[in-house]
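# Structure at a glance
Each chain, written out:
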Amino acid sequence: MSYSDTKKAQLYAAEAEVAAAECKLYTEEARKAPDYAAEARQAANDAAASSAQATVAASQANISANSASESASQALVSASEAASAGQTAAEAVFSRTLRVPDGETVTELQAASVRKDSVASFDDSGNPSSIPVNTIAILDSGGKIPVSMLPAIALTEPFVVSSQAAMLALNAEPGDIAKRTDKGYSFMLAALPPSTLANWVQLNDDILAQLALSTGAAQVGALDDNSGSTTVQGALNLKASTANLASVATGKGDALIGVKASFTGSVAMTQDDKNKLTIHVAEAGAKGDGINDDAPAINAAITYLKSVGGGRLNFGAGTYLCGSAIDIRGANISLIGTGIGSTIVKANFSGQALLNANESTDSRISPFYISGFTFDGNSTIQRVFDVRYRHYTSVDNCIFTGGTVAALYEMDTWLNTFTNCGFESSLTGIQLQGSNHRSAFRSCSTQGCTGYHIWVRSLGTVADGNQALVFDNCDVEFGTGFGVRFEGTSAAFNGCYIGENLGGSTFDMRSGVVSVNSGVFYWGYTNGVNGIVAAGGRITFTDVEMNAQSFGVLSSLASGTGGKVAFIRCTGNCAVGGSNIMSGDVLDYGPGPNTNFAAEKLGAFMSVGRFNTTTTNSVSGYAQTVTCATTTGTPALMSLTTGLSSKSWMYGKNFYFVIVYSSNVAVKCALSATAFGGTPSKTLIDLPSSGGAIKTAVVLNILTDASAYTLLEVVGQSVVVGSTFTVYECLLSDYRMLDTTLGNFSNIYKF
């Protein structure tokens, strides 16, 4: 036997001894269990026998080791058998201790690394096994299983299905839940089998999911608009959908919305009906950007309002450029802008009118209302606003400008009112043609016109002409043209501001009667231009402030041969002292003063006087003409005289003298004690030759002594054959005719 074989034999012998020792240990443990004493003794005997066998085997192994060449194999076999016998002995002890039934055996225990922190158990074959301690529920100090050791307990099993068929096909147990995705709510199986629909019960706690379905609203109760019972779905069915409310189709959108004013007796209507009464040009496509042509959109909106019987058309802020006229003919509507200078309608074409209301036939009731615009003809339009046969109209807060003929052209209209409007930068600001009676302009302005700022012209189209026109608190100023040309029947200017910085005359009277009441009147801005040209008609200024500008003097206040002017209780800044001769028999009659000191005021009744002359005289109407026939010496004089009917004037006060005359020779007007300037004598005015034209002279002077005067003389000076003069009227009064506290005139008229 080799050395290595001997070592192996010794190792087996040692293992056998260990096994014998373990057997003894088991024997000792067995003794501690009284109930198994017999079994333990038997185990001990078996162990002893096994130990003896092991000893014999070890001895044989030693013997065999001494005979290495012959017995090595046998020693190894014997040692192996000894070890196997020891193991068998140990297993036998364990099996007998656990009372394994006769004929049964169990496998050896698991390794120590597996058994660590474990509890012994048996697997499904009955062999020893182990369970980790941390997987076993152990009672805590209170005798309860810790919550951390409790497993999840599934009372029911949930299923998710998409149909009733899928739910009935489930392998479910009572208590299981089926979530129906097609319904949005759940069912629980109450009894078997699951294939029977009646065994499934709907869960009420899933009501929110059920209500979230498209049919949910039909399951919730509600009240309708009349407090009747219905479902939410029923109530919703009574309401308009957002899609319908957003629709612009007929019968939808605003047609579904009801409105009613808050006042008693108001009538309910749809928002669509109300919108038809008021629309915005933007709804028709107008941009107001000053670039696009907005006329088609604006006219489309007007056409629509005409079709529904009228209404209100709103404009936003901006410039509405128009390539054609805005046509409101036949439209009884309202045009509403956002204000002067904010909403601008501007022409971008050449034509007769920008805003066309010129009807071809007359209609007594044909109103419109316009407010809040600037209408700009852009100097390419003849008439910015062209109106005919429209009545009961009203326009306010608008500017009309840039017309090559007129800013406003009205013909044959009446009962129309313009308030706070401007008519500017045109040939004529306001042109009233034909018959426009009872039209009113209030707080309006005409400025910057080159022809006439206001032209009232009847044209003989109708018998009544331009009657009862009213201009209240208006101004006429700042333009190279004339102020007012009047060819109408009657008009009143009340509280107006007229004539400042005008290139032409302030008033050009051709016919009719005009009253200027209170307010301010200017004249004399341009040299050689008379303030009033009285070619016809009559104009009276009452309680007016009369202001002369740079070239304003009394002689340029008025002129004319066919018209008349009177100034009553006026004040002003024009002194009337000295020679003040106005062209023509221009002064009208006013209320008489307390006394006319001239016994005869009409030339026809004055007496003829001659000094170194012979004369002829003639009377025509109320005028008398004296002509020199011959002269017999120097000075050659001829006169018309009248006595002084009264001398009750206040000494040292202003007096008032008016004479209307014509002459081809210089004429002196004087107060005298005796004829031809007998002393004392007081020259009132030296009149130059009028060249045969009729003139009116107005004089304001101071008397120092009145008692000695007996005559009022009009004397032709240094006459020659053919010299002639005519006296139409001759009037003399004192300060009671004039309020001269400020050294200015109060009344200028004949009496």
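Up top is the structure these notes are about.
Because the structure is a prediction, the values reported are computed rather than measured.

The next subject is the overall build of the protein. Along the protein, the regular secondary structure elements total ten helices and 50 strands. Of the accessible surface of the protein, which amounts to about 35,500 Å², a share of 53% is contributed by carbon and sulfur atoms.

In this section: the environment of Asp117. Within the fold, Asp117 resides in the loop between α4 (112-115) and β1 (118-122). Linking Asp117 and Val133, residues 16 residues apart in sequence, is a C-alpha distance of 5.8 Å. Setting aside chain neighbours within four positions, we find Asp117 in contact with Ile131, Pro132 and Val133.

Quick look at the packing of aromatic side chains now. If you walk through the whole model with that rule in mind, you get 23 aromatic pairs. With 5.9 Å between their ring centres and 85 degrees between their planes, Phe507 and Phe541 make a pair best called edge-to-face. Within this pair, whereas Phe507 is found in strand β31 (residues 507-509), its partner Phe541 is found in strand β35 (residues 538-542), the two being separated by 34 residues in sequence. Phe541 carries the same exposure label as Phe507, and that label is buried. Geometrically, the ring pair formed by Phe611 and Phe676 is tilted, given 5.7 Å between the ring centres and 45 degrees between the ring planes. Residue Phe611 is located in strand β41 (residues 607-611), and its partner Phe676 is located in the loop between β46 (667-674) and β47 (678-687); the two are separated by 65 residues in the primary sequence. By relative accessible area, which is 36% here, Phe611 ends up partly exposed.

Below, the discussion takes up the sheet that holds β47. Judged by pairing direction, the sheet is antiparallel, and its five strands sit side by side in the order β41-β44-β49-β46-β47 without closing on themselves. Two strands bound the open sheet, and with one partner strand each, they are β41 and β47. In this sheet, neighbouring strand axes are inclined to one another by 30 degrees on average, regardless of whether the strands run parallel or antiparallel. One ladder, built from six bridges, connects strand β44 (residues 637-643) with strand β49 (residues 711-716); its direction is antiparallel. When the sheet's bridge partners are listed, Ser639 is paired in β49 with Val715.

The next subject is the pairing of strand β18 (residues 369-388). For β18, a buried count of 14 out of 20 residues is recorded, marking the element as mostly surrounded by other parts of the structure. Summarising the sheet, strand β15 (residues 333-336) and β18 pair through three bridges and their orientation is parallel. Directly across from Ser334, in β18, lies its bridge partner Tyr369. Pairing of strand β16 (residues 343-347) with β18, which is carried by three bridges, proceeds in the parallel orientation.

Here the focus is the nonpolar core. Core analysis: the largest hydrophobic core is formed by 85 residues, its most contacted members being Ile328, Ile370, Phe385, Phe493, Phe507 and Phe541. Looking at which element gives the most residues to this core, the answer is β18, with seven residues. The contact partners of Phe541, leaving out residues within four places of it in the chain, are Phe507, Val516, Phe521, Ile532, Met546, Val565, Ala566, Phe567, Ile568 and Cys570. Judged by nonpolar contacts, the second largest core, of 31 residues, contains Ala636, Met638, Leu684 and Leu687.

This paragraph deals with helix α10 (residues 295-307). For α10, spanning 13 residues, the distance from its first C-alpha to its last is 18 Å, which sits close to the expected 18 Å at 1.5 Å a residue. Buried residues of α10: Ala295, Ala297, Ile298, Asn299, Ala301, Ile302 and Leu305, and no others. Of the residues flanking the end of α10, it is Gly309, one or two places downstream, whose phi is positive at about 90 degrees.

Where burial is concerned, most of β35 is hidden: four out of the five residues are buried. The pairing of strand β32 (residues 513-517) with β35 spans five bridges and is parallel. Within β35, the residue paired with Val516 across the bridge is Phe541. Here five bridges tie β35 to strand β38 (residues 564-568), and the two strands are oriented parallel to one another. Bridge pairing in β38 links Thr542 to Ile568.

Another point: empty space enclosed by the protein. Inspection of every chain in the model, using the stated rule, returns three cavities of 30 Å³ or more. Taken as a whole, the largest cavity holds about 60 Å³ of empty space. In terms of lining, the largest cavity is formed by 13 residues, of which the most central are Leu502, Gly504, Trp523, Gly524 and Tyr525. Classifying every residue of the lining of the largest cavity by side-chain character gives four nonpolar, nine polar and no charged.

Here the focus is the state of the cysteines. Per the counting criterion, the structure on display carries zero disulfides. Of the cysteine sulfurs around Cys496, a residue in no disulfide, the closest is that of Cys474, at 4.8 Å.

Before going further, it helps to examine the sheet that holds strand β6 (residues 200-202). Here we have four strands laid out as an open sheet, ordered β3-β4-β5-β6, and mixed in their pairing. Each having just a single partner strand, β3 (158-161) and β6 make up the two edges of the open sheet. This sheet shows a mean twist of 30 degrees between the axes of neighbouring strands, independent of strand direction. Across four bridges, the pairing between β3 and strand β4 (residues 177-180) is parallel. In the strand pairing of β4, Phe159 is matched with Ala178.

Let's shift gears to the side chain of Asp176. Turning to its location among the elements, Asp176 is positioned in the loop between α5 (164-168) and β4. Despite its burial, Asp176 remains without a salt bridge, the nearest opposite charge being carried by Arg180 at 15 Å. A distance of 2.8 Å separates a polar side-chain atom of Asp176 from the backbone nitrogen of Glu157. Setting aside its immediate chain neighbours within four residues, Asp176 contacts Thr156, Glu157, Phe159, Phe187, Met188, Leu189 and Trp200.

The subject of this paragraph is a nonpolar patch on the surface. A cluster of nonpolar residues, Val119, Ile131, Val133, Ile136 and Ile138, forms a patch on the protein surface that exposes about 350 Å² of accessible area. Position of Ile131 relative to the elements: it lies in strand β2 (residues 128-132).

Quick look at the environment of His280 now. Secondary-structure assignment places His280 in strand β11 (residues 278-280). Looking at His280, the relative accessible area reads 25%, which means it is partly exposed. Aside from chain neighbours lying at most four places away, what touches His280 is Leu313, Asn314, Phe315, Gly316 and Tyr320.

Before going further, it helps to examine the pattern of salt bridges. Scanning the model with the defined rule gives eleven salt bridges in all. The salt bridge involving Asp386 is made with Arg383; its shortest N-O contact spans 3.3 Å. By the burial criterion, Asp386 is buried, and Arg383 matches it. The closest approach of N and O atoms between Arg538 and Asp588, which form a salt bridge, is 3.2 Å. With a gap of 50 residues between them, Arg538 in strand β35 and Asp588 in the loop between β40 (581-583) and β41 connect regions that are remote in the sequence. Judged by relative accessible area, Asp588 falls into the buried class, the value being 10%.

About the cut-offs
Residues numbered from 1 in each chain as written. Predicted model: local features only at pLDDT ≥ 70, side-chain atom pairs only at ≥ 80, totals over all residues. Heavy atoms only, no water. Helix = DSSP H or I, 4+ residues; strand = E, 2+ residues; numbered from the N terminus. Areas by Shrake-Rupley, 256 points an atom, 1.4 Å probe, with all protein chains shown as cover. Contact = heavy atoms within 4.5 Å. Phe/Tyr/Trp six-rings, centres within 6.5 Å; stacked < 30°, edge-to-face > 60°. Buried < 20%, exposed > 50% of the residue type's maximum accessible area, 1.4 Å probe, protein only. Pairing = 2+ DSSP bridges. Axes fitted to C-alpha atoms, helices over the stretch in contact; angles between N-to-C directions. Core = buried A, V, L, I, M, F, W, Y, C linked by side-chain atoms within 4.5 Å. Expected span 1.5 Å × (residues − 1). 1 Å grid on protein atoms, 1.4 Å probe; cavity = no way out; pocket = protein on both sides within 12 Å on 5 of 7 lines; lining within 4 Å. Points joined across faces, edges and corners; volume = space filled by probe spheres on them. Nonpolar A, V, L, I, M, F, W, Y, C, P; charged D, E, K, R; others polar. Disulfide = S-S within 2.5 Å. Lys, Arg positive; Asp, Glu negative; His and termini not counted. Salt bridge = Lys/Arg side-chain N within 4 Å of Asp/Glu carboxyl O. Polar contact = N/O pair within 3.5 Å; in protein donor to acceptor, adjacent residues only side chain to side chain. Patch = residues over 30% accessible without salt bridge, like charges linked within 9 Å, V, L, I, M, F, W, Y side chains within 5 Å.

Function cannot be inferred from these measures alone, as they are strictly geometric.
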